[in-house]
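Below, each chain spelled out in residue letters.
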Amino acid sequence: MADDQHSGGARVPGGFLCWVPTDLIAGALADLDGVRVEVQVPDSSSLPASADEVEFYVPPFFPAPPAVAAMAHMPKLRVVQTLTAGFDRVRPHVPVEAVLCNARGVHDASTAEWVVGATVAAMRQFPFFVREQLAGRWSYQFTGSLAGKTVLIVGYGSIGQAVERRLSGFEVGIRRVARSGRDGVSPVSELPRLLPESDVVILLAPVTAETIGMVDAAFLARMHDGALLVNAARGVLVVTDALVAELQAGRLAAAMDVTDPEPLPAGHPLWTLPNAFVTPHVGASTPYSELMARSFVRQQAERYLAGEPLVNVITGDY
Ligand SMILES: NC(=O)c1ccc[n+]([C@@H]2O[C@H](COP(=O)([O-])OP(=O)(O)OC[C@H]3O[C@@H](n4cnc5c(N)ncnc54)[C@H](OP(=O)(O)O)[C@@H]3O)[C@@H](O)[C@H]2O)c1
């Protein structure tokens, strides 16, 4: 879990070289004394010579394989700072001498906004009405509502709590699940009891050995007829074939910002099922998240420069 108590590895005295993926992030660091910044997005195995000097690396938002493989060729690397809250693509490639920090908190507002927007859209049948509008049809019909429903947040962390704050005016009941139970938050072992009572199930747990495939046929079977699954976490949490079977049967509906596979290939059933609403992993892709990321990376670089503990250091499972 993200931990605020660890500092990075020992910093080499004097200035340090930081590779960042965009001009926007570079601009955030430009006036920091002691930091040399280069905008670099490794896109092949042939790296610029300055890779030898990189001490602080910010991989691109959606890192392609060469951008993570590059870390093996950065002998001075001490800090890997992702721009994302999820770090499943990066973690296996972080050298032992370096610490990995995620961007927990940076994308809470944007991702929670997507969750609430997608949930309302699915409950109020917005995708259907968009299709009808494009066809020029005035297709009046009653829809479901979010008001009066029970919402289960599976993964009550930084984003899950931001979702709850945003739902506070929607007249819903909230249930919360995390890895371990605490006041008002049920442990994951309570899921079998909570699923049948929930109208909307929102996935916001990280990718771990326990969460990969956790939403399987048995999980989905416990959701009641007409319930909505909302996935803003990662596609691999859901067994796609099991979800497709439920959607094809018309028993459940789903709103997904993330899928497995991702991107969805042409012809995949999730493209055309009327009860599936899919967006292409855009939850955190907003200018507001970019601003938050800019300020977060700067603060993290300042901490490293000052020899202070870094925040969001990943230890343990995630
Ligand atoms: N769609 C997007 O664009 C987008 C944007 C940002 C993030 N994300 C995804 O959202 C995830 C959550 O981000 P976050 O910043 O909210 O993470 P976080 O603050 O670390 O919270 C994760 C939560 O998940 C819980 N959890 C862990 N394992 C679980 C399990 N087996 N069953 C149920 N709950 C479990 C944790 O429980 P404990 O509190 O007990 O540890 C914690 O409450 C990220 O990992 C990322 O993959 C997606």
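For the structure, see preceding data.
Because the structure is predicted, anything quoted here is derived from the model rather than measured.

Draft legend 1. Expanded view of the packing of aromatic side chains. Enumeration over the complete set of coordinates arrives at six aromatic pairs. Their ring planes at 65 degrees and their centres at 5.2 Å tell us that Phe-128 and Phe-129 sit as a pair that is edge-to-face. Positioned above the aromatic ring of Tyr-156, the side-chain terminus of Arg-176 is 5.7 Å from the ring centre.

Draft legend 2. Quick look at the nonpolar core. Residues Val-201, Leu-203, Phe-219, Met-223 and Leu-229 are the most contacted members of the largest nonpolar core, which totals 31 residues. At the level of secondary structure, the elements contributing two or more residues to this core comprise β7 (150-154), α6 (191-194), β10 (200-203), α7 (217-222), α8 (240-248) and β12 (253-256). Looking at which element gives the most residues to this core, the answer is α8, with four residues. Sequence-distant contacts of Phe-219, defined by excluding residues within four places in its chain, comprise Leu-191, Leu-195, Val-201, Leu-203, Met-214 and Leu-229. Of all hydrophobic cores here, the second largest spans 26 residues; its members include Trp-114, Tyr-156, Val-172 and Val-230.

Draft legend 3. Empty space enclosed by the protein, seen in detail. Scanning the model with the defined rule gives one cavity of 30 Å³ or more in all. Size it by volume and the largest cavity reaches roughly 50 Å³. If you go around the largest cavity, the residues you meet are Asn-231, Gly-235, Val-238, Thr-240, Leu-243, Met-256, Val-258, Thr-259, Asp-260 and Leu-270. Here the residues of the lining of the largest cavity sort into five nonpolar, four polar and one charged.

Draft legend 4. Broad picture of the pairing of strand β11 (residues 228-231). With burial as the criterion, each face of β11 is covered, one bearing Leu-228 and Val-230 and the other bearing Leu-229 and Asn-231. Taken together, the four bridges between β10 and β11 define a ladder with parallel strand orientation. Its bridge partner lying in β11, Val-200 is registered against Leu-228. Each parallel crossover has a hand, and for β10 linked through α7 to β11 it is right-handed. Direction of pairing for β11 relative to β12: parallel, over a ladder of four bridges. Following the sheet pairing, Leu-228 is matched in β12 by Ala-253. In this fold, β11 hands off to α8, which returns the chain to β12; that crossover is right-handed.

Draft legend 5. Structural detail: the packing of helix α3 (residues 108-123) against helix α5 (residues 158-167). Close contact between α3 and α5 brings their axes to 8 Å; oriented N to C, the two are set at 55 degrees. Considering their axes alone, α3 and α5 lie oblique with respect to each other. The two elements α3 and α5 meet at a crossing, and its hand is right-handed. Here Asp-108, Ala-109, Thr-111, Ala-112, Glu-113, Val-115 and Val-116 of α3 come into contact with α5, specifically with Ser-158, Ile-159, Ala-162, Val-163, Arg-166 and Leu-167.

Draft legend 6. Fine view of the sheet that holds β11. One open sheet holds the seven strands; their spatial order is β9-β8-β7-β10-β11-β12-β13, and the pairing between them is parallel. Of all strands in the sheet, those bounded by a partner on one side alone are β9 (186-187) and β13 (276-278). Here β7 pairs with β10 via four bridges, running parallel. Pairing of Leu-152 across the sheet is with Val-201, part of β10. Contacting β10, β11, β12 and β13, α3 runs over the sheet at an angle of about 150 degrees to β11.

Thresholds applied
Every chain begins its residue count from 1, and numbering advances along the sequence as written. Reporting in this predicted model follows two pLDDT cut-offs: at least 70 for local features of residues, and 80 or more for side-chain atom pairs to be given and counted; totals over whole chains, interfaces and linings ignore these cut-offs and use all residues. Side-chain numbers here rest on the full set of heavy atoms in the structure, without hydrogens or water. Centres within 6.5 Å make a pair out of two Phe, Tyr or Trp rings, where for Trp the six-membered ring is used; the pair is then stacked when the planes are under 30 degrees apart, edge-to-face when over 60, and tilted otherwise. In this scheme, Lys NZ or Arg CZ marks a charge over a ring once it lies within 6 Å of the ring centre and within 35 degrees of the ring normal. Throughout this description, the term nonpolar core refers to a set of buried Ala, Val, Leu, Ile, Met, Phe, Trp, Tyr and Cys residues connected via side-chain atoms within 4.5 Å. Three exposure classes are used, based on accessible area relative to the maximum for each residue type with a 1.4 Å probe and protein chains only: buried under 20%, partly exposed in between, and exposed over 50%. Numbering of helices and strands runs from the N terminus, with a helix taken as a DSSP run of H or I at least four residues long and a strand as a DSSP run of E at least two residues long. We call two residues in contact when some of their heavy atoms are within 4.5 Å. In this analysis, the protein atoms alone were mapped onto a 1 Å grid. Cavities are point sets where a 1.4 Å probe fits without being able to get out; pockets are open sets with protein on both sides within 12 Å along at least five of seven lines; lining residues have an atom within 4 Å of a point. Grid points are joined across faces, edges and corners, and a volume is the space filled by probe spheres set on the points. Polar here means any residue outside two lists: the nonpolar Ala, Val, Leu, Ile, Met, Phe, Trp, Tyr, Cys and Pro, and the charged Asp, Glu, Lys and Arg; Gly therefore counts as polar. Paired strands, in this sense, are two strands between which DSSP finds at least two bridges. Looking down the strands as they point away from the viewer, one classifies a crossover as right-handed if the path from the first strand across the helix to the second runs clockwise. An axis is simply a line fitted to the C-alpha atoms; with a helix, the fit covers only the stretch in contact. Between two such axes, the angle follows the N-to-C directions and lies from 0 to 180 degrees. Orientation labels follow simple angle bins: below 35 degrees gives roughly parallel, above 145 gives roughly antiparallel, 65 to 115 gives roughly perpendicular, and whatever is left gives oblique. In this scheme the crossing of two helices becomes right-handed for a clockwise turn of the near helix relative to the far one and left-handed for an anticlockwise turn of less than a right angle.

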